[in-house]
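Structural characterization, general
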Amino acid sequence: MNAEFGKQWYQRRVRGIRAVLKSKKLHYLKFEDPDVICLQETKCSEADIPEEAKLLGYHKYYNSAEKKGYSSTALYSKVKPMSVSYGINIPEHDNEGRVITAEYANFYLVNVYVPNSGQKTVRLPYRREWNKDFLAYCQDLDSKKPVIVAGDLNVAHSEIDLANPKTNTKNSGFTPQEREDFTTWLDSGFVDSFRHFNPDKTGAYSFWTYMSNARARNIGWRIDYFVVSERFMGRVAASEIREKVLGSDHCPIMLLLADPVIGGEKGEQSGAVDKKEVEKEDREVEGVEKKEKGGEDEEKGGEE
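Residues numbered from 1 in each chain as written. Predicted model: local features only at pLDDT ≥ 70, side-chain atom pairs only at ≥ 80, totals over all residues. Heavy atoms only, no water.

Leu75, Tyr104, Leu109 and Ile148 are the most contacted members of the largest nonpolar core, which has 27 residues in total. Secondary-structure elements contributing two or more residues to this core are β3 (36-40), β7 (99-103), β9 (147-152), β11 (224-229), β12 (236-241) and β13 (253-257). With three residues, β13 is the single largest residue contributor to this core. The next biggest cluster of nonpolar side chains, apart from the first, holds 23 residues, and it includes Ile88, Cys138, Leu141 and Val149. (Core = buried A, V, L, I, M, F, W, Y, C linked by side-chain atoms within 4.5 Å. Buried < 20%, exposed > 50% of the residue type's maximum accessible area, 1.4 Å probe, protein only. Helix = DSSP H or I, 4+ residues; strand = E, 2+ residues; numbered from the N terminus.)

Put into structure tokens, the structure is as follows:
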């Protein structure tokens, strides 16, 4: 069966899918009802994925790290991709479950959780090798058909992309090297879709540390992206940050395509959405969010 596909996309770093489900923090999906969901840092092997995370109406794909409870990614699609692959075909990069690639008729979708450079940037040399190899992987895909990359890229590209740029130039996620590598990527025929639509917007972030009441004060970083092949941007209608959605130190981001893309088989049907129930759950989650403590300080090196 053919189905219209690609109208609305949802990407979020969740910091452990089991913990998120326990606090009803994926309730927002009921209301958003995206065609594709990309999750990062699920921290769960495929064998341990909870039943509640096996969402009705979606084909489901998981890439788990060899290390239990670490990293890992998940992809849900209402339309079955033509093919799905895991990793970037480089063994030293592919043991942490960081990449899922889904091929559709007119483009590739890459769900990625980019490695952090670590406390005091101890992992920066490895991160730069990853950046180089991941760019080559995306360029190879792009030579065949356009690419949409969705994920936590663990870099704030410009000073406008974080609240305190001057005090973070030596911290993971905002080093000159990481920013330079991202510039190289964008100069290779790819577009930061959010900045395409919002070139001068300030205070737009997707991550806030749990420390120092950072989210309430909007002391954040924009490190979650939809990066799109330049020649495919004509199909993109919107790229937005859902900053009001709670449940993690990251909020979701959303990509909207201007017209449907013909795909394959639909997933099994899910039930109707009760908006009032979603709003009730949102209030419950907000209460949980206010009680959460710990995590990291402003330095991004605390992330994996």
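A few words now on the packing of helix α3 (residues 124-142) against helix α4 (residues 176-186). One can describe the packing of α3 onto α4 by two numbers: an axis separation of 10 Å at closest approach and a directional angle of 5 degrees. As the angle between them shows, α3 and α4 are arranged roughly parallel. Contact residues: α3 offers Leu124, Arg127, Arg128, Asn131, Phe134, Leu135 and Cys138, while α4 offers Gln177, Glu178, Glu180, Asp181, Thr184 and Trp185. Among the residues forming the contact of α3 with α4, the class breakdown is five nonpolar, three polar and five charged. (Axes fitted to C-alpha atoms, helices over the stretch in contact; angles between N-to-C directions. Parallel < 35°, antiparallel > 145°, perpendicular 65-115°, else oblique. Contact = heavy atoms within 4.5 Å. Nonpolar A, V, L, I, M, F, W, Y, C, P; charged D, E, K, R; others polar.)

Assignment of secondary structure puts Thr209 in the loop between α5 (193-197) and α6 (214-217). Thr209 gets classed as buried once you look at its relative accessible area, which sits at 9%. Only 3.2 Å separates the side chain of Thr209 from the backbone nitrogen of Met211, close enough to count as a polar contact. (Polar contact = N/O pair within 3.5 Å; in protein donor to acceptor, adjacent residues only side chain to side chain.)

Another point: the environment of Asp181. Within the secondary structure, Asp181 is located in helix α4. Overall, the relative accessible area of 16% leaves Asp181 in the buried class. Sequence-wise, Asp181 and Arg128 are 53 residues apart; in three dimensions their C-alpha atoms are separated by 7.5 Å. At a separation of 2.9 Å, a polar atom in the side chain of Asp181 contacts the side chain of Asn131.

Checked against the element boundaries, Thr121 lands in the loop between β8 (108-113) and α3. Apart from the residues within four sequence positions on either side, Thr121 is in contact with Lys170, Asn171, Ser172 and Thr175.

What follows deals with α3. Between its first and last C-alpha, α3 extends 26 Å over 19 residues, near the 27 Å set by a 1.5 Å rise per residue. For α3, every residue scored as buried is listed here: Leu124, Tyr126, Arg127, Trp130, Asn131, Asp133, Phe134, Leu135, Tyr137, Cys138, Leu141 and Asp142. (Expected span 1.5 Å × (residues − 1).)

It is worth spelling out the confidence of the model for the chain at this point. Within the chain, residue pLDDT values average 82, and 75% of them lie at 70 or more. Low pLDDT, under 50, characterises residues 1-7; the stretch is placed with 31 contacts to residues that sit more than four places away or in other chains. (pLDDT = per-residue confidence, 0-100.)

Turning next to the packing of aromatic side chains. Following the criterion strictly, the structure yields 10 aromatic pairs and no others. Note on Tyr62 and Tyr76: the rings are 5.9 Å apart at their centroids and 85 degrees apart in plane angle, and the pair reads as edge-to-face. Of this pair, Tyr62 sits in strand β4 (residues 59-63) while Tyr76 sits in strand β5 (residues 73-77), placing them 14 residues apart in sequence. Summarising the aromatic geometry, the rings of Phe134 and Trp185 are spaced 5.7 Å apart at their centres and angled 90 degrees between planes, so their arrangement reads as edge-to-face. (Phe/Tyr/Trp six-rings, centres within 6.5 Å; stacked < 30°, edge-to-face > 60°.)

The next point concerns the sheet that holds strand β10 (residues 190-192). One open sheet holds the six strands; their spatial order is β6-β7-β8-β9-β11-β10, and the pairing between them is mixed. Only two strands of the sheet have a single neighbouring strand rather than two, namely β6 (83-86) and β10. Sheet twist, expressed as the average angle between the axes of neighbouring strands with direction ignored, equals 15 degrees. Bridge count between β9 and β11: five bridges; the pairing is antiparallel. For Asp152, the partnering residue across the bridge sits in β11 and is Asp224. Relative to β8, α3 is tilted by about 170 degrees, and along the sheet it contacts β6, β7, β8, β9, β10 and β11. (Pairing = 2+ DSSP bridges.)

This brings us to unusual backbone geometry. A positive phi is found at Lys120, a non-glycine position, where the angle reads about 55 degrees. With respect to the helices and strands, the residue Lys120 is situated in the loop between β8 and α3. One non-glycine residue, Thr121, adopts positive backbone phi at about 55 degrees. Judged by its relative accessible area of 19%, Thr121 is buried.

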